[in-house]
Amino acid sequence: MLLKEYRICMPLSVEEYRIGQLYMIAKHSHEQTDNGEGVEIIKNEECNDPIHGVGRYTEKRVHLSNRLPSWIRSLIPKIFYVTEKAWNYYPFTITEYTCSFLPRYSIYIETRYEDNSGISDNCLNLSEDEMEKREVDYIDIVNDPLPPKHYKESEDLTKFKSSKTNRGPLHDNWTEDCAPLMCSYKSVKVKFEVFGLQGKVETFTHKTVRDILLLGHRQAFAWIDEWIDMSMEDLRAYETSTNEATNKKVLSS
């Protein structure tokens, strides 16, 4: 198992990000879905947990076989998807990714959001053994390189300025004087127990996860003027309509 803890600072408060995160996920899923590849939403409903209380459970199928390297595609069926199950007890969430025909492959993510600059040493309550194995990776939404295929000038945070909040553009050392400022802490455990391929698959998976986190968090801020005035009721209505449109894009191909 390869364990990394990603820390992603945002020029938002934790309370603001509650809407921004959900808006970003719905819109990003819709944008990344085309020609039968992308995200199919199976469930989006309320859930309860004895420890964390009332939350939101979502289940999705991520269809992505054509986007994988050839050496991975050679190992999988032509009709391929990963199941994503997520439990959102904001500001704490759990996400699991599994694949039915690869039972030894899984991704397990625990996330906590805090109003700070990424200084909490163990806010996800990792065990001593996990702390020894953990590699901390700070993702900078302004300065870290984005794969060219995902670059959009409108989402370039060195150029973007919010008309509703007057935040941005963000400079190189933006976290030093940014207010508000929050951090998304993500413990990501990737497991692929197949001899000879374990290291290669786990490393590739973490690279993919990192690219997705960088893009998604950039977009969450770049789209702030679209969601900053939304209530939770507005957000749920947006999720419903966007998820229906996204499913049609997947199932019509």
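It should be emphasised that the depicted structure is a prediction, and the values quoted were computed from it without experimental measurement. (Residues numbered from 1 in each chain as written. Predicted model: local features only at pLDDT ≥ 70, side-chain atom pairs only at ≥ 80, totals over all residues. Heavy atoms only, no water.)

Would you explain the pattern of salt bridges in this entry?
A side chain of one charge can pair with a side chain of the opposite charge when the charged atoms of the two come close. In this structure the tally under the stated criterion is 16 salt bridges. Residue E5 pairs with R134 through a salt bridge whose shortest N-O separation is 2.9 Å. A residue pair is termed long-range when its members are at least 10 positions apart, and E5 in strand β1 (residues 2-10) and R134 in the loop between α3 (128-133) and β7 (135-139) qualify at 129 residues. Each member of the pair E5 and R134 is classed as buried. The partner of D137 in a salt bridge is R210, with the nearest N and O atoms 2.9 Å apart. Separated by 73 residues along the polypeptide, D137 in strand β7 and R210 in helix α4 (residues 198-222) bring together distant segments of the chain. It is possible to trace a salt-bridge network through shared partners that takes in E5, R7, D121 and R134. (Salt bridge = Lys/Arg side-chain N within 4 Å of Asp/Glu carboxyl O. Helix = DSSP H or I, 4+ residues; strand = E, 2+ residues; numbered from the N terminus. Buried < 20%, exposed > 50% of the residue type's maximum accessible area, 1.4 Å probe, protein only.)

Would you explain the side chain of T33 in this entry?
Mapping T33 onto the fold places it in the loop between α1 (14-31) and β2 (38-49). Take T33: its relative accessible area is 0%, and that puts it in the buried class. At 3.0 Å, the side chain of T33 forms a polar contact with the backbone nitrogen of V39. (Polar contact = N/O pair within 3.5 Å; in protein donor to acceptor, adjacent residues only side chain to side chain.)

In this structure, what is going on with the packing of α1 against helix α6 (residues 232-251)? I would like to understand it.
Across the interface, α1 lies against α6 with an axial gap of 9 Å and an inter-helix angle of 15 degrees. Compared by their axis directions, α1 and α6 come out roughly parallel. Relative to α6, the crossing made by α1 is left-handed. Facing α1, whose interface residues are R18, I19, L22, Y23, A26, K27, S29 and H30, α6 presents M232, L235, R236, Y238, E239, T242, N243, A245, T246 and K249. When the residues that make up the contact of α1 with α6 are grouped by side-chain class, the tally is eight nonpolar, five polar and five charged. (Axes fitted to C-alpha atoms, helices over the stretch in contact; angles between N-to-C directions. Parallel < 35°, antiparallel > 145°, perpendicular 65-115°, else oblique. Left-handed = near helix turned anticlockwise from the far one by under 90°. Contact = heavy atoms within 4.5 Å. Nonpolar A, V, L, I, M, F, W, Y, C, P; charged D, E, K, R; others polar.)

Explain the pairing of strand β8 (residues 182-192) to me, please; I cannot follow it from the model alone.
Regular strands have side chains that alternate between both faces of the sheet. The buried fraction of β8 is high, at ten of eleven residues. Inspection of the sheet shows β1 paired to β8 by nine bridges, in the antiparallel sense. Residue pairing across strands places C9 opposite C183, the latter belonging to β8. In terms of strand pairing, strand β6 (residues 105-114) meets β8 through ten bridges, oriented antiparallel. (Pairing = 2+ DSSP bridges.)

Help me understand the nonpolar core, please; the structure alone is not making it clear to me.
Nonpolar side chains tend to gather and get buried jointly when the protein is soluble and globular. Formed by 49 residues in total, the largest nonpolar core has its most connected members in M10, L12, Y17, I141, L157 and F221. For this core, the secondary structure elements donating two or more residues are β1, α1, β5 (92-98), β6, β8, α4, α5 (224-227) and α6. Excluding residues that lie within four positions of it along the chain, L157 makes contacts with I141, V142, P169, L170, R218, F221 and A222. (Core = buried A, V, L, I, M, F, W, Y, C linked by side-chain atoms within 4.5 Å.)

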